[in-house]
Every structure is written in C-alpha cells, then in structure tokens.
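An overview of the molecular structure
Listed here are the chains, written in short residue letters.
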Amino acid sequence: MVLTLQAKCTCLELKQNSNSNKNIYMQPKLIFLLTITTMLILAGCKKSFLDENVYSNIAASNFWKSADDAKSGLYATYTLSLSFGPRDCRNFFVLTDMITDDMDDEYSNTEDERRQIQNFNFSPNNSYINNSWVSLYKTIAQANAVIENVPRIATMSATEKGYVIGEAKFLRALEYFYLVQLWGEVPLDTIVVESISQTVMDKSPAKEIYNTIVSDLKYAEANCSDAPLAAGRATIWSAKSLLAKVYLTLAGPFSKRNTDMLTLSEQKLNEVISSNKFTLVPKIADYFDMNKKRSSEMIYEHYCLGDVSDRVGSFMHRNFLPGSISAPEVTQLKTAGYKAWTPSTDLWSLYKSADDRSKMYYSWYIKKQSDGTFKNTQQNVPYPAKYVDSVTVARDYKANNLPVLRYSDILLMYAEVLNELNTTGVGGDKYYYLNLVRKRAFSSNPTSAVVASNLTMEQFRDTLMRERRLEFAQEGQRLFDLKRTGTFISVMTDLATRNSAILKQSTLPKYTVTYPGGVYPNPSGSVSYSGGTYTFKDDFVKNAKTKAPQEFQLVYPIPYLQLQAYNIGQNPGYN
Amino acid sequence: MIMQPNDCSAKCMKLTGTLILLFLLSVSQAYPKETFAQNRTPTDQKKTKKTPVIDALKKVTEVFGTQFVYDRGLLEKKFTTYDMQNLKGKSVEDVLKGILYPNDFVFLYVRNNYYTIVSKDNVGAASDAKKASEINPVSDSVPKNGKDQIFKGSVRDATTSQPLSGVTVSLKGTSTGTTTDNAGNFTLAVRNGQKPVLLFSNVGYEPMEVTPGKTDVNISLSPANGALSEVVVVGYGTVKKRDLTTSISTISSEDIMKTPITTVEQALQGNAAGVLVVNTSAEPGGDISIRVRGGSSIKADNAPLLVIDGFTSDQTLSSLNPSDIKSIEILKDAGATAIYGSRGANGVILVTTKSGVKGKPVVTIDTYYGFQELRRKLPLLTSQQLYELANDAKATIGLPPVTTRPDTMTTDKDWQALMFHRAPQLNGTVSVSGGDNAARYYVSVNYLTQDGLIISSDYSRAAIRSNVDFNFSKSVSAGIKLNLSQTSKHGIQVGDNGSILRANSTNPTDKGLLDPSGSFYIDPSTGDPITTSPLANAQETTNERKELSLQSGAYLQFRILKNFTLRSEATINPSYRLENYYFPNSIKGDKVSSAYEKMTRASKWSNANSLSYAKTIKQHSFSLLAGQEITSSFNNNFQAGNTDFSTDVFEFYNLGSGNGLPTVSSAASEYKLLSYFGRATYNYSDRYLFSFTYRADGSSKFGEDNKWGYFPSGSFAWRVSNEPFFKNINFFNDLKFRVSYGVNGSDRISPYSSQALYATRATSIGGVLGNGYMIDKMANKDLRWEKTAEFDAGIDFSVLKNRISFTADYYLKNTTDLLLDYALPAASGYTTVSKNIGSVENRGLEFAITSRNVSNKSFSWTTSFNIAVNRNKVTDLGGPTEISAISNSSANNKFGNVVLIKVGQPLGVFYGYKTDGLYQTQEEADKGAKLSGMPVLPGVFRYVDMNNDGKITDADKTILGNPQPNWNGGMTNNFAYKNFDFSIFIIFQKGNSIMNTSFTKLMNFSGDNNQLAKVLDRWRPANELTGDPGQASNTIPRAYKGYPDAMSDFYIEDGSYLRVKTLTLGYNLNNKRVSGVKLPDLRFYVSATNLFTLTKYYGGYDPEVSYLGSGSVGAGIDNGSYPTSKMYLFGIKAKF
C-alpha cells in the first residue's frame, strides 16, 4: 500500500510539472522514477498477479462446503465405479469372465493383450490389468475424499452425512473386494492423499483389506438409507448383501470351509430374504429389459444412462455384439459391435433349449432376406445379448445396467450356505431356494426344472455352481465363484484337457441353435420371421481354451507401471 | 485493512495500467513541448544563439543522415544563426543554404546524401559540376601551401577489378577527405609532417586503412561480408552481426522466398545450422515441428519460442504471409536466448516483418501458380499376387486356399489413384511500401489456396498486413503493426485408422465407392454397405478448421537526453478457431451421422517497457538495457455436438436438428507471466566484446513459492582480426572467437499444473444426467521452472577478401528439473503429477559456410552450406531407468511400449526385439529361443535372445533405432548469368530411423488385405507336389494367416535422405522501357519442389515423416502419414 500511495503522488507531481512547464529537464528523471515505481508496484503485486484464477475446475480448497458438495462428490464416486464395470467393460469382463470357462476371446480377434489373458499368459505390462487397477483405486480415492471431508460439513445433519458416508464406504468396500480377489495383497489406501510423499504405500495383508471391507460394509449397513434415495444409490440392503458375499468368500474353499463365516453369511442372507423387500421378476428377460429398470429383484447395480455421456453410459453392447448388424430396423442397433468375446462352447452346451436364459442371454445373426423376411444364415457364433438396449439411440453409450447384486444371487448364495451348514432356511430348504431360480428360468414349464431333493452335499455343490454359471453368465461372477470355492485350477485344467481333445478330432463337433419363428417388436411396424435351426461356424469351437492356469495365476501380476512408480513387490511367480 | 488477494490483484493491475498510461501520456507530452515551446516563444534565448557551423553540420548529419567532406580548418571559426532546433520538414538543401551561404561557403552534391563543402571563392569550375568526377574537392579543402604531400591513386573492387567510384578517402583522425571519380581515381592533399593513415570506405565494402609508403596508392576494396554489417535482431534490440557475442542464425527474406512456401516454418528447413524442421503432417496447413539444437523437454513443449516483431506469440507461424517477412533470426545459445529467460530454453525464433521504406509508393506483386503431385506410389500387390499370398497364408496354418484360381482375380482397383490427385496451388501477394520522414508504411494483401494431394483436403489463407511507423520528432517515434489472417483447412483422417492406410490396405478386388446407380456399394455377403470405405470416409466426411486471428502491436519510442531510449510496446492477439466435423449418413455401415462444432478463443495481451542507454567514450562502448514485461493469456473453448441427423443437408450448421441428445462442453484457462530483464554490453576497441543478460520471470503456472525463475547469461567475443598484430595477416578479413554460458527456463506445461483441482464428472444417479465433482489433480507446491544451462563456444571468420565466411559452434546443453508427468502409484488415486525430475543433455556441433565462388559482371555463383550434429541423451529420470514415451498409437497397443525414454539413450528411441533373419528349417526353429504365442516354423523370425536365457521375453527387447538424425543440413547454390538466375537448394539428414507401423497392415503376411509388393520376396517352402522349389529369404517372413507379430527391427527403416528441395530458374527484366514507358521490374520464374530424393526408405511415401512429432517423443513414426508432395510452379514478381 505504501508503494501505491507513493506512485499516486508521483503522478500528481509529474502533472504539475508539465503544466507549469517550469523545468523541462526534470522530466527524464521523473520518467526514471516512474518507471522504477511501476516496476516496484508490479513486483509488489506479484503474489496476487501470478495467482492462478481457476475457471472450469474447482480448487480442492474451495470444495466440501455444503450438502450439495457432499452429494456431487458421492455421485462422482458412483460414476467412477462404472469404470471397472459397464463403462470400460473390457477391463472388467476380460479380468473376470474371459479367463474362466464361461467366455472366450473371439476367434478372429488378434489383439495381443486379450489373447494373453485368454491363454493364461499374464504379463505385468498388460494394459487391461493396469487399467483395472487404476480405475478401482481412482474410485477408492474419491470415496476416501467423501469419507474424510463430509464429516466436516457443518450444514448437514448426522443422518444425511450417514447416508453419504455409508454409500461411499459401500463403494470403497466393493472396489477393495475386487482388488483383493484379483490381486491378493494390495496397498490399502483409506486417506486423502495430498502430497507426493503420501502416495507411497506398501502392500497390506489380505486380512487387513478384508477387515476394512467388513467394517466399511458394517458402517454402510448401519447408516445407509433403507430404500434408495435415488435410482442407482446403495442401500442398507446392498451393504448386507455384499457383506453376505464377503463372508461367503471368507468362508474359504469347499475343501475347508469356515463355519463361522458361513454363519455370518447366513445371517445377512437371512436378513435380506426375511425383509420381504425383494422378489424374483417373473421372467428373466424382464430383469434386463430397459423399460423395467429398478425391478424388485435388483439389490445393487451399476446404474447407467444411455445417449448422454460416455462417462455414465454402458459400453457393454459394443463389446458383446457381432461385427456387423444387418438389420438395424429389427435389432434397433445402429451400430456393429467389436465381438470382443463369445460365450464358451462349454457354457453354451449347458443350456437346455427350454431354458429362457438360452434365448434371453444369447442372440445370433439375423439377416433380412430379399423377400423381406428375416432368417438366420451362415454366420459365426452366438453372441451374448444380455445388454442390448433398443430404447436409446446413441451408438456408443447405452443405459444397460450391470448387476452387482440381484435377488437370484441372494437365493443361490442362501442355498449354498444352507448346503454347507446342512440346515434349513427361513422359507424352505436349499432345494427350495435353488428351484426358485430354476423355475423362473424355465417359465414355460417350471416343474420340469425342479431339482429333486436327493443330492449329496457334493452333488448339490455341483448343481448349484452350474446354476450360478447359467444364471450369472456375463455378469462377472464366474471367476470369483471358482476362486472362493477353490475350484478354479481344477475346473480350468479339466476344461483345457477336454478342449484339447476336441480340437484334435478330425471333425469338430457342431453347435446348433433351434429358434422358433416370431415377431420382432419394432416401433416402425413389427416384422415377422420364421423359425429354424442353425449350426454355428467352427470358429465357435476353435477359440476354446486349451491352456490351464498355474497356481500362482490365481492372482494377477501387479501391473508393471505400478511397480515402476513404487516397487511394492511383484506377486510370486511373475518374476 | 485486510484485502482479499484477488481484490488486491485487481487493484494492483488497475493501478499499474493507469500508471503506465499516465506515464506514456506525460512523456509524450514532454518531448514535443520542448520544441513547440520554443516555437511559441520567439524571445527564447536559444533561438538567436550562434551555433558553430561545424556543430550545425553535425546536427544536419544526425537529422538527415547526410555526410560531408570539408576542411575543418576553414570552417572552424564560422558561426551560424540558423535555427537548428527546428529542422523537421525542411529539405537538407534549404538547411545547408541557411547555414553556409551567409558564411560564403557552398556545397556540392557528390552523390546521394553526400556533399562536399567548399569556399565560395574556390568553387571555380567545380561550382556547376554535376558529377563527383568533375570536382576536385581536395584542392578546395586543403590549404595550398606547397608543403603538402599529394596522395594519388585508384580504388578497385578486389574481386572484379572494376574501378570503384564514390569511395570515400579520408585522412584518419581528421575531416579531410575526398571521393573517387568514375574511373576510381582520387587525389588527396595532406599536410606535410603528418604520418598519414588513409581510410577507404564505401557502402558494401569492407573499410580499409592504409599507411602509404609512397604517394601512389592503388588499393582494392573487398566487398563487405554482407552478414557482418547486417543488423541482427537480438531480442529487445539489435546489434551488428560483427558485434555478436552469441550464436544466432539469420534467414533473410531472399532465403525465405527462394522456396515457394506456404508457411514461415518451412523457410527454416535447411537454412540454418542446428535447426531441424519436420513436417508432422504434409497435409495442406499441417503442423510442422521445429527443434533448435535438439529437444530437451520430455513433456513440456519443445518448440522454440516465437517472437513476432518483438512479441512472444503462442500461435504458430501459419497466420503469417512469408512474403511479409524481412528476416528471421534464430537465437540458439543461452547467451542469446537468456534475455527471454523463461521461455528461451528451446531456442528463440525472432520474426521481423517488413517496414515501410522511405520514398514513393512501391508496389510489389508476387504470385505463383503450381500443382502438387504424389512423389511416389507405394508398390502394392495385384489381385493375383494378393490371393496367392492369401492361399499361402492359409496353407501355412493348414487351411484350404481362399481360391484355387488366383489368376482369375482380375479387378485391379488402384486405390491410390482414387485417393490421390494432382492438386493445384495458387498464391498471390500485393504489397505497397513507401513513406517520408514523418511516416512510413508497408501494407500487403495475401491470398493462398492449396488443394491437398488427397481428395477433400485443402487449405487457404487470406491475410492483410499493415505496418506503419511514425517519426513525430527527432526523438519520438511510434508504430503500429497489424496482421489479420483467416485460414481454412479441410483435413482427412490420417494415421492408424486413417484413409491412407486403409485405402492402401484395401483389396484391389474391392469395388470403388459408388455403384453405377450412384449409391454406395453393398457388401454382397452381408448386405451391409461397404464398411466405411476409406474413399467414402475421405470424400464424404467434413473435417474443417477455420481460424481468424489478429496480431496487433504498437510501440512508442523516445530518445531521452542523448543516450537514453525508452520504448514501450503493447500487443493484443485475439484468435478464434472453429473446428467443424460432420460424418454423414451416406456412409452407413459402422456409424450413423454425427456432427460437432468447437470454438476456441484465445486472447493474449502483453506490455513491455524498456529503457536503454548507449555511450561511447573513446574506445569504450557501453550499452545498458533494463525492462519489464507483462503477459497474460486467456483461453476458452466451447463445443457442441449431436448425432443421428435425419438429413445430410445441414452438416454441422444445424446441430439442434439431430435426433440424438446434444452434447455440450466448455472450459477456460488463464496464464500470466511477469518479467524483468536487463542487458549490459561492453565493447573495447571492437576487439573485446562482453554481454551480460539477466531475466527474472514469474509464471502463474508454478507452485506458490516457486513462481519466480532467474536466468542469467554471459557471453564474450574476441575479435582477433581487429588486434594490431593481426593487421598484416591479409588472409583473414574477419576472425572472432565467441564463448557464452547461460541459463534458460521453460514453463510450457498446462496452467494449474501445481494445483489440487476437482473436475466435473457426469453422473447418472437418479436416472438423470447430473454433475459430480471428483478429485482430479494432485497439488505439487514444489513445481518449479525447468532449467537449461548451455555452454557455447564458436568461431566466425571470413577469408579471401570475404569470399568465404565460416561459422562454427560447439554447444553443451543440460536440461534439469524437467517438467514431467511423474508416475505415481495409482493406489494413491492419482496416476501422475507434474513434477520436476530428471535431466536431458544435448551436445552438438554446427558449421555454416557461405562462399562467393564467382562474382563478376555477367556471372556470379554463391554457395551456402550448413550442417549440424546433435547428440541427445537422457541422463536421469529421477528414479526409473525408463518410461514409456507414447500411449496413443495402435502399435503401442499391439506391441506394448514401442517408444522409450531411457536413461543413457536419446529421447524417444524405438524399442522391441532384434531379429537375426528367419528360421530356414524346422530343426532350426525347434532349437531356437521361443517367444510365447509365436509359431515355431521355418520362414518366421528368429528373435535374438539377448540375455541368453533360452526364451524370448520382454527382457530381450532392446533399442532398435533413434528417430533423431546424426546430422542434418542444407546447401544452396545460386547462379546468376546476366538476366537469368538459377538456384538449387538441397537438404539432407543422416542416421535417423523410421518406425513404420503401417506394416501392421501392409506387411502382415495374412493375405486378408493388400500388402506392399515386397512380400513377393517372402520365404516360401518348397512344394514337392507342384515341383515348386520354394523361395529362400532371410528377411521377409512367410505368409501366415493371423501371424502373431511382435515389434522388431523389421519395422525399422533407415530414414536418411538427401533431397533437392527446390530448383528455381528465373529471368529478370529490370529498368526496361517500351516506347519510352518504363516497365515494372519483372521477374519470371519456374520452380520445382522435392523434385528428386535419394533415400532407402521403402515402406512409406516419404522419409520426411513424423506422425506424433510435435512432442519430443513419438517422432519418426510412419503409420500412413499424409505424404509430402512434389510441386511444380510458375511465378511472376513485379515491382513498380
């Protein structure tokens, strides 16, 4: 301020001088003085002049002031969680389903990194592995920011804060649950990282990570809302269901199951079932129907919007659909897909033709004939059709939600727990719960689907695991089911042996589909087509896995880029 | 009182602005007042004051630039009462009459601005002389006392031996002198007893001092080394080239115009040692990358700082019309660049535009028309060859052939012929220049239109420039420079998924774009329209970029007292860019219609004030400069888009008509820089020259406590040729050693890099689109300036009467505290943070030679040649030994890291497996080290097991090549014979590698798509059934459907080339009259660009390629880049 005043004075002085025209030769000196003063003022101002004005971002220090800030911080966490899920779905499906007996890399694909996973040739440089790691931790970091900052917001009630923090903890638990299952020991980050030195974190034992998951979920269970506060938000029931699954996972493999954990799991499942808040939708097709989102079966889903933005849309259809779409007027798809993967022949063979799921979950190439009818002709392979959205028009981002927890999962977990504990549940025995799911799948003749009550514990396990496979195909469950039951290596080794034998035969087995005639619903006038039987191309067989994973491949390698940033030690077997 | 920081900022700024304004106003009032006041007060004593005639003449020299020869003795005691204060607007003759006539002296016109003053009595026969040869001023200016020595002789041109007229011959230390007559003869009388030293000087010649041993003096003057007397712009000032202490390359307007170029960047190619220019895309209006002495930054921009007419510019040079440019200076060493401190680390390019020249209006019209052609087509397979390959490829993996009759595949569609066409180019500039003592102007209008080699790509520019300079008085001058330009560019998609690569890989059996009915072809097997045919893509998609920019600047300059100059400058550079895109419905198959429009507005202003002082005391010359500069730039953009349009009519002009949901986004950022700088030079006797600069820069981009960077430099030159002991060494006309050291900086990262920021994220919760805020960037309060310290040692000399001049420099540049995206463990929630880390070193040598080989009246031949060697090395990465350099390439996705930044290696080296030929037998293949997933067959690559562990893993990957040349340079030869001139301009570079990633499509041996003809040389097994002996090859692998390739040296080619960049033949018609009417000066020329290229590069169109070359890394990758064209043109230049 002193400088400023001085400068003003100098200006006045100068004016007087020039007016009076007294001493012309004084002026250069004044100019000097003035120049120097100007410079000094600029120097004096330097702090504020060089401060950055932020326009299209928010400086971190200005955030977390209101309930709206809390909500938008939380909602961003949800958006980030779409990344290891429906949004960047390749990471999700390649890491969870494509390494199992459910899904194979499509035959004609030559992309190296997907092939590596398909062939159990895991490289720390594989970008699917790194991208998954990064996106999971990004969601966690955002959840940490919510969990740490929201308590400081003065204008929110404890209940309101509980909702927001509870849901953030639910999301954090979900992401850590993925991390610990996919990589084993990983860094446990529960703080808001503010400086470079804080970014350095060592691995934590899996037990510690599970402890955090359980305590986060317990908090969510106690503080979240009973009913979703808005579509897509987690509830206490989401937390209880996930907790049940975590306990079931902690119960360990079939060979040595921990009864305490099974009991804990049973309690949570019991609570969910007893609440009578959830029912199976009558037809499995309804669950994935875009017009019937938020059904009574839904417990938690990655919630997507179509058409609007890449960040909140699902990209699953693009990866599941075949390379060309012949009749957009029928399929309502204005775009072809990347045929990134196909169901395995192993899974395909398990479906009975009367199973609604065989038609609902899969489709094949239908071609418009010159006579205007639609018929299947010589085409490659079935493609998964769970996530087809004919409502929204955008070619890239659709509104398909990815289920995380649905009621059929609760029922099948319950059947599993009852089998393991050899007990009977709240509404019936293990067969009752298993058959609930099966009968819904065989809607035209439910009784034909009923599993007779004469199975041994082991036989029931097999039946149940098969049912989970059929029910949750392309939902990213298979790897975790196989791993938590300790069957991943044996199942995959067995598969590789069988596939190798098949592929050595001179004539490859044929896989067919029989489809009835019908009418495609179409806004611009429905189109009828006749039924028939179709034999898929040999490509379908040829992409079957012939390699089996090794023991150390139960977890993925720590991504190379992460080790390079800070060496937390590679997982055993990958060095 | 407590003030909010922002508050304070605003007030300070306002106050500063006001002060600057007041200061300018008050000063501008001050000076005129000094003179006007005297006019208004005739009683002022000064008016009637007597002035010595000699002083008055000095004043005349100062004001009018005239020179006089007179006898000091005669004029010594003469005085004049002529008003010497108010010479403005008067003619020099009037003034001289006023001074001399009352004293009975007269003046004789010798030649332009050159007068001899003699006593009226002594005029005699000379008084009505018209020419210098008819007077003998010596006799008038020297007392005739009979004791004088009379020196006589002649002066000739040292190279042509032609007599030189008008050479000033003077006696050193006196005003005594004369000029030579038409025959080059002179006579000069010198008082006896003096040991005379005669000085000979003439414009365009090196001055000469002679101590005659006898009275006959016949000498030859060497033409001046033009470069030495040139004024070189050095940043906040100018200096004579002879006084330079630093390494600066100058490109004159002649050099700029010798190649018909569309943007100024192109003029830098091959014309300056140590400057590497690469077209990152040869498409019309495409980007050009410039590196001065190698790239030193990894993340931060490596482009040199652009300074246009004294002001830093964030824009590219593409908005400038090359014809408007007077000169380009490239400041290379830190001694030269440190005055630009903060942003000088990658060199500085100073562009000076033309100013008006005093005189009648001179109109120049410069226009050319030409056409561009594809330099070469890629050799591709015919249908038959392709299907033979496809059959082989299937046979290798045990599948039946695609067709048993490849020879019946006859549709040989030439996709290259459909993609490329002969493209015309037209360029025209009209400029007018003129002015008088009070105001000078240069105005020009330019229009350029250029079609691209590829259909649907073109570029046009319309530009108007107005440079006006005013002299308000002897001491106050001002000027305004305006350049308004509008450019428009249509581009096509190039690169990994671009039209060129796709067209070349399209099967020759495929049909063209449209069927006879005018519809797109439908794939008969799927019923789909042919999936985004490359042609359809190129032809139907609109990809447009329009830019409107104004570069405006004004300056005001005062001379205060005798030795001070105050200069104040300001610029405003607004620019608007519109990028439009439309993908029509007409190309079905893969996508539906989509459109967007993106507006980017950038507004930059700056103000610089500097005070300079210069003083010469005997043999000591000093100059001082102090200044301050303030810069602020604000950028914002806005984008809207939509999809699913029901008609293609609107393109992107009616985004609301799309049926999709419109998308909209916008962002803004600001950047500010505050700087103080100073320079001091000291010159002792033109022998020892010192220069020191210092600059302090505060950048808004850095962390709170690290905003300021301080950049000193010092340089020293020793002009040995001016040493007394050197006088007798006639071989050297000039010899100078230079050495400099200085520190520069770089802040060229995005604003806000040091701050913790939250970004918006769309949300879907609630089933509606909402906005969330998420953590985005981690703060790094320690973020500070990237610094480059550079040492330079150079030598300049010219020999053989300035026929040959030579410059050489050695430099060592060490960049530390690199601004880098430092990889963080993602478990922190962040993947990178901007951090100062690591160091990069550049070392190099530069040589430039200019030689006048022949120079006589009818024939001349000059050669200039430059060559530079740069060695670039990453010396530290702050922990990791290597980091991945690029991420956005399909090759990177397919093969993993293909470009590395590795300690001990140049920036951006290529990385992959080494191959050792092909396996020739199954036995060899079985024994060899195996790469997982690779077939074990004869005819496939034998990858080298670098670590000898028996298998091929990532650990066996090694450095495959360096995209940076070992050396590069250029050579120009100019010939003139009578009215003809001919020039040949050659550029060359050696030792750089090109990674041709288009091989993933064009050399994949699968037979699925068309391939380079080289696959015909592939390894083929013998076939006993057909008796085919097969074909051995050790370089080209066998056909293999679905060949699981890996990045290897197979993809690396030698990118060295030598190219005749330009050949020009011109014919000049000067001073011609037809029926008494003077014709304009005319020049006609024909020119060819890229006529001839010597290169081994096979796999792509042109070795001048750098797909990702705008950064330091990712250079030298060819993946279907837009090819450089050949061009032929005819031009006319007229001046009247």
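Bear in mind the structure is a predicted one, so any value in this text is a computation, not a measurement. Residue numbers run consecutively from 1 along every chain, following the written order of its sequence. Lettering of chains starts at A and numbering of ligands starts at 1, both following the order in which they are written. At least 70 in pLDDT is required for a residue's local features to be given in this predicted model, at least 80 for side-chain atom pairs to be given and counted, and no such filter applies to totals for whole chains, interfaces and linings, which use all residues. Remark: hydrogens and water are excluded; side-chain values derive from all non-hydrogen atoms of the structure.

**A look at helix α21 (residues 488–504) of chain A**
Residues and elements named next belong to chain A. Rule in force here: The helix and strand labels rest on DSSP assignments: H or I over at least four residues marks a helix, E over at least two residues marks a strand, and numbering proceeds from the N terminus. A helix is expected to reach a length of 1.5 Å times the quantity of its residues less one. For the exposure calls, accessible area comes from a 1.4 Å probe over protein chains only, and a residue counts as buried if that area is under 20% of its type's maximum, exposed if over 50%, partly exposed in between. Each C-beta atom gives one direction from the helix axis, and the arc is the one those directions make. Throughout, a residue-residue contact means that at least one pair of heavy atoms, one from each residue, lies within 4.5 Å.
If you check α21, its first and last C-alpha atoms are 24 Å apart, about what 17 residues at 1.5 Å a residue would give, namely 24 Å. Taken together, the buried positions of α21 are occupied by F488, I489, M492, L495, A496 and N499. Each buried residue of α21 sits inside an arc of 130° when the element is viewed along its axis, so together they form one side. Opposite the packed face of α21, turned more than 90 degrees from it, sit the exposed residues T497 and K504. Packing partners of the buried residues in α21 comprise α15 (345–348) and α20 (478–484).

**Let's talk about the sheet that holds strand β11 (residues 208–210) of chain B**
By way of backbone hydrogen bonds, the strands of a sheet pair with one another, either parallel or antiparallel. All names here are of chain B. Rule in force here: DSSP calls a pair of strands paired once it identifies at least 2 bridges connecting them. An axis is simply a line fitted to the C-alpha atoms; with a helix, the fit covers only the stretch in contact. Between two such axes, the angle follows the N-to-C directions and lies from 0 to 180 degrees.
Pairing is antiparallel across the open sheet formed by 4 strands, whose spatial order is β8-β7-β10-β11. On the outer flanks of this sheet lie β8 (177–179) and β11, each paired with one strand and no other. Looking at each pair of strands side by side, their axes are set apart by 20° on average, direction ignored. Pairing analysis gives 4 bridges linking strand β7 (residues 168–171) to strand β10 (residues 198–201), with the strands arranged antiparallel. Bridge pairing in β10 places L171 opposite L198.

**Regarding the packing of helix α8 (residues 158–183) of chain A against helix α9 (residues 206–223) of chain A**
Residues and elements named next belong to chain A. Put simply, the rule is: Roughly parallel here means an angle under 35 degrees, roughly antiparallel means over 145, roughly perpendicular means 65 to 115, and every remaining angle is called oblique. The sense of a crossing depends on the near helix, which, turned anticlockwise from the far helix by less than a right angle, makes the crossing left-handed and, turned clockwise, makes it right-handed. Each residue gets one label: Ala, Val, Leu, Ile, Met, Phe, Trp, Tyr, Cys and Pro are nonpolar, Asp, Glu, Lys and Arg are charged, and the others, such as Gly, are polar.
Direction vectors running N to C along α8 and α9 enclose 150°, while the axes themselves pass 8 Å from each other. When the interaxial angle is binned, α8 and α9 end up roughly antiparallel. Remark: the crossing between α8 and α9 carries left-handed chirality. Contacts from G162, Y163, I165, G166, K169, F170, R172, A173, Y176, F177, V180 and Q181 of α8 reach α9 at A206, I209, Y210, I213, D216, L217, Y219, A220 and N223. Here the residues of the contact of α8 with α9 sort into 14 nonpolar, 4 polar and 3 charged.

**Observations concerning the pairing of strand β31 (residues 663–684) of chain B**
Residue and element names in this part refer to chain B. In terms of strand pairing, strand β30 (residues 620–643) meets β31 through 22 bridges, oriented antiparallel. Along β31, the bridge assignment pairs Q639 with S665. With 12 bridges joining them, β31 and strand β32 (residues 688–699) adopt antiparallel strand pairing. Of the residues in β32, the one forming a bridge with N683 is L689. Taken together, β31 and the strand that follows it, β32, pair antiparallel across an intervening segment of 3 residues, in which S685 is found at a positive phi of about 60°.

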